[in-house]
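Chain residues, written in single-letter form:
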Amino acid sequence: MKVGALALALAGGAAAACPLTPDDGRLIEGDALQVAWTVAGGGAIEVGQPFELEVRACPDTAELRAVDATMPAHRHGMNYRPSIVALAPGRWRVQGLIWHMRGGWELALDLHRAGRTQTLRQAVDLQ
Amino acid sequence: MIRGAAAALLALAASVAAALDFDPAERAAILSHGPWPPAPTADTSNRVAGHAAAIALGARLFFDGRLSADGRVSCASCHDPARHFQDGRATAVGRAVGTRNTPSVIDSGGQRWYGWDGASDSLWAASLRAMMQPGEMGGTPATAAALVRGDPTVREAYRATFGAPGADDERVQVDLAKALAAWLTTRVSPRTAFDDFRDAMERGDEAAAARYPEAAQRGLRLFVGEARCNTCHAGPRFSNGEFADIGLPFFLPGGGVDPGRHAGLRALKGNPFNRLGRFADDGGAGAVATRHVQAEHRNFGEFKVPTLRGLAHTAPYMHHGRLPALDDVLRHYNLIDEERLHADGARLLRPLGLSAAQLADLRAFLLSLSEPLPSQATPGAPHVGAKGGPGGGASPSGPAR
C-alpha cells in the first residue's frame, strides 16, 4: 500500500486543480464535470503512431473508467483498446492509442462520479 | 554572355512555372511523407539490434539454406536482393507453394506488424516464423543449433554476437532470428525523385521542385486529394502500418479462404515468440501495440497496408499477387466493387472514377516512389543502402545456398 502511494506520488505529482482552464489542455465540459487532456510528452498525434494522453478531471473525485475513439464518418474505431493508469486523484495516463487514419476522430472519455457515468466527447481533426 | 544569361533566366522561369501551386493543406500532406530515410528506431526487444557482429552474422544467415529443413531454402530464395528483396512471383515458393505474395523486406525495420496478416510483432519474430513455417523454410530449433555447432565460421560469428551457444536449441534459433533482424534493419531503400521534390518543397527551393515531372506532381495532387490514397498510405513509408479490406476476393485457389488479419491476430496472441513472451529482451516494455491490440469482426479479409516505396520493382501486387501490373492496381481502385467491401459499414473506399489522363498522372507519381534497380541505374550508383551511407554496413554477400 505504501509502495503504491509512493508510486502515485512519483508518477503523477499533484491532483488536478479545479476548475480546469485551457492551460491544462483541451477542455471538455460535462454535467458538473470537466476534463482536460493533452498528448503525453507534449508532442502531436501522428497518423499511425502510438501515443499516450494525460487526462485531468475536475472535481478530482471523478474516476476515468474508459477511453475510446472513433471515426464517425468511417464508422469505425481504433484497432486498440487503451489502458488507464492512475497518477493522482483526478489525473490519469492513457496508453495504447493509435489513430491510423487522417480525418475526423471523436475522442470519448467515460467518467464516473456520484453514482453516475458520463461520456464526454470531443471532435479531433487529425491531418 | 548576355544572351547566355537571358537563356538561363528563361530556362529558370520555365522550370519554376513547371512547379504546381499546391495549397497549404496539400503542402502539409505532401510534407508528411518525409523526410526519407526516417530516423532509425531501436527494437528494444532485440538486444543485438544495431550491433556490428549481429549485422554481419545476419547478412551471412540470410543467404544460408542450412536454416531450412532440407538445406535448400534460404531467406534470399524468396527475398531476392536483385528483385528488391522479393521474388516476382504471384505467391511465394519455399518448400511448398504459398498462398500469399512475398513482400519486400527492404525498409522492414521499425514496423509495428509484420506479414500480410500481422501475425508477428517484431522483425525477429517474423524472421523466425519464416524459418519455421513448414511451407517456407521448415526449420527447427535443432536445424538452427546444428548449423551453429557444426560450422566453425558460424559458431564463431554466433559466439562473437551472443556468447557461447548454450544447450537450449530454441534459444539459439531465436538468436539467429535476431541476428537476421539486425541485418535486415540496415536494408533501407534509397531516396527517390519524390523525396527530392518533397525536400525541395520544404526548403522553398522552387527551382529544384520544378525538376519533378509535372505528371508526377499532378498524380501527387490526386494522391493526397481527390483519390485520398494517403488515408491509408500515410507517412514516409506510405503505409499507416495497419490493415484494410480493399474489396479483393479472399477465396483461395483450390478451396478455403484467407481470413487475413483475423487469423493473424489469433496467431499473434498465441505466439510464444511475441513481444510479451520470454524471448523479448525488454521484458515486454516495448510491447505497447501487442498489449492493446483488439480483435474485431471486421478484421476478416483485412490485410496489411503495404508500403508504396519501390513498388515499380515489386509486381505482381496485392496479398494474393493476382494483379500482374500497376495498371491493374489502378484499375481495381478506379472501378472498385463496393459490394465486395464487407467491413462493418466503413465507408472508406469508393470507385475513384478517374479519367485515363488522371490515371496516367497517378501512375507517374507512384513510379516516382521507386529508385532505379542496379541494372537500370548509372553504373556505380547506390541501390539498397545501409543506414549511414549507401552500401555501408555488412555486405549482403554470404555463403552460397
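Located above this text is the structure these notes cover.
Let us look at the structure shown here.

## Considerations on the side chain of T290(B)
Mapped onto the elements of the fold, T290(B) is located in helix α13 (residues 288–292). Looking at T290(B), the relative accessible area reads 3%, which means it is buried.

## Examining the state of the cysteines
Taken as a whole and judged by the stated rule, the model has 1 disulfide over all chains. In this model C18(A) forms its disulfide with C58(A); the gap between the sulfur atoms is 1.8 Å. The disulfide joining C18(A) to C58(A) has a torsion of about 130° about its S-S bond and is therefore right-handed. Taken as a pair, C18(A) in the loop between α1 (2–12) and β1 (26–29) and C58(A) in strand β3 (residues 50–58) lie far apart in primary sequence, 40 residues in all. With relative accessibility at 10%, the residue C58(A) sits in the buried group. Cysteine C75(B) is unpaired, with the sulfur of C78(B) as its nearest cysteine sulfur at 9.2 Å.

## Focus: the sheet that holds β3(A)
Residues and elements named next belong to chain A. Read from one edge to the other, the open sheet built from 5 strands follows the order β1-β2-β3-β7-β6, with strand pairing classed as antiparallel. Looking along the sheet, the strands with just one partner apiece sit at the ends: β1 and β6 (83–88). Ignoring which end each strand starts from, the neighbouring axes of this sheet average 25° apart. One ladder, built from 6 bridges, connects strand β2 (residues 34–39) with β3; its direction is antiparallel. Pairing of T38 across the sheet is with E54, part of β3.

## Side note on the nonpolar core
Membership of the largest hydrophobic core comes to 68 residues, with the highest contact counts inside it found for W99(A), L111(A) and L366(B). Top element by residues in this core is helix α11 (residues 214–224) of chain B. It accounts for 5 residues. Ignoring anything within four residues of it in the chain, the contact list for L111(A) reads L33(A), V35(A), A57(A), A62(A), E63(A), L64(A), W92(A), R116(A), T117(A), Q118(A) and L120(A). Counting 41 residues, the second-largest nonpolar core is a separate cluster that includes L57(B), L67(B), A182(B) and W183(B).

## Considering the interface of chain A and chain B
Taken together, the 22 residues of chain A in the interface contact 21 residues of chain B. Both sides together, the interface formed by chain A and chain B hides about 1900 Å², and carbon and sulfur atoms give 47% of it. Of all residues in chain A, the largest losses of buried area upon contact with chain B belong to N79(A), Y80(A) and R102(A), amounting jointly to 34% of the total for that side. Counting the contacts that link chain A with chain B gives 0 salt bridges. Inspection of the region where chain A meets chain B yields 14 residue pairs in polar contact (both at pLDDT 80 or more).

## Comments concerning the packing of helix α6 (residues 141–150) of chain B against helix α7 (residues 152–162) of chain B
Residues and elements named next belong to chain B. At a minimum axis distance of 5 Å, the contact between α6 and α7 shows a crossing angle of 100°. Put simply, α6 runs roughly perpendicular to α7. Contacts between α6 and α7 involve L147, V148, R149 and G150 from the former and P152, V154, R155 and Y158 from the latter. For the contact of α6 with α7, the residue count by class is 5 nonpolar, 1 polar and 2 charged.

## Thoughts on the packing of aromatic side chains
Taken as a whole and judged by the stated rule, the model has 18 aromatic pairs over all chains. Relative to W99(A), the ring of F51(A) lies with its centre 5.3 Å away and its plane at 85°, an arrangement referred to as edge-to-face. Placement of F51(A) in strand β3 and of W99(A) in the loop between β7 (91–98) and β8 (103–113) is noted, with a sequence separation of 48 residues between them. Through a chain of ring-to-ring contacts, the aromatic side chains of F62(B), F63(B), F85(B) and W183(B) assemble into a single cluster. Over the aromatic face of W124(B) sits the side chain of K178(B), whose NZ or CZ is 4.6 Å from the ring centroid. The ring of W36(B) has R309(B) lying over it, and the distance from NZ or CZ to the ring centre is 3.9 Å.

## A word on the pairing of β1(A)
Residues and elements named next belong to chain A. Of the pairings in the sheet, the one linking β1 to β2 comprises 4 bridges and is antiparallel in character. Each bridged residue has a counterpart across the sheet, and for L27 the counterpart in β2 is A36. Hairpin connection of β1 to β2: 4 residues between the antiparallel strands, including A32 at a positive phi of 55°.

## Notes on the pattern of salt bridges
Across all of its chains, the model carries 31 salt bridges over all chains by this definition. For D31(A), the salt bridge is made with R116(A), and the minimal N-O distance between the two is 2.8 Å. In this pair, D31(A) sits in the loop between β1 and β2 while R116(A) sits in strand β9 (residues 116–126), placing the two residues 85 residues apart along the sequence. For D31(A), a relative accessible area of 45% translates into the label partly exposed. Taking the relative accessible area as the measure of exposure, R116(A) reaches 43% and is therefore partly exposed. Residue R47(B) is joined to D175(B) by a salt bridge in which the shortest nitrogen-to-oxygen separation is 3.0 Å. Placement of the pair is R47(B) in the loop between α2 (24–31) and α3 (52–62) and D175(B) in helix α8 (residues 169–184), with a sequence separation of 128 residues. The class for D175(B) is buried, based on a relative accessible area of 2%. Overlapping salt bridges bring together R191(B), D196(B), R198(B), D199(B) and E202(B) as one network.

Each value, and the rule that gives it
- Residues numbered from 1 in each chain as written.
- Chains lettered and ligands numbered in written order.
- Predicted model: local features only at pLDDT ≥ 70, side-chain atom pairs only at ≥ 80, totals over all residues.
- Heavy atoms only, no water.
- Helix = DSSP H or I, 4+ residues; strand = E, 2+ residues; numbered from the N terminus.
- Buried < 20%, exposed > 50% of the residue type's maximum accessible area, 1.4 Å probe, protein only.
- Disulfide = S-S within 2.5 Å.
- Pairing = 2+ DSSP bridges.
- Axes fitted to C-alpha atoms, helices over the stretch in contact; angles between N-to-C directions.
- Core = buried A, V, L, I, M, F, W, Y, C linked by side-chain atoms within 4.5 Å.
- Contact = heavy atoms within 4.5 Å.
- Buried area = accessible area lost by both parts, 1.4 Å probe.
- Salt bridge = Lys/Arg side-chain N within 4 Å of Asp/Glu carboxyl O.
- Polar contact = N/O pair within 3.5 Å; in protein donor to acceptor, adjacent residues only side chain to side chain.
- Parallel < 35°, antiparallel > 145°, perpendicular 65-115°, else oblique.
- Nonpolar A, V, L, I, M, F, W, Y, C, P; charged D, E, K, R; others polar.
- Phe/Tyr/Trp six-rings, centres within 6.5 Å; stacked < 30°, edge-to-face > 60°.
- Lys NZ or Arg CZ within 6 Å of the ring centre and 35° of its normal.

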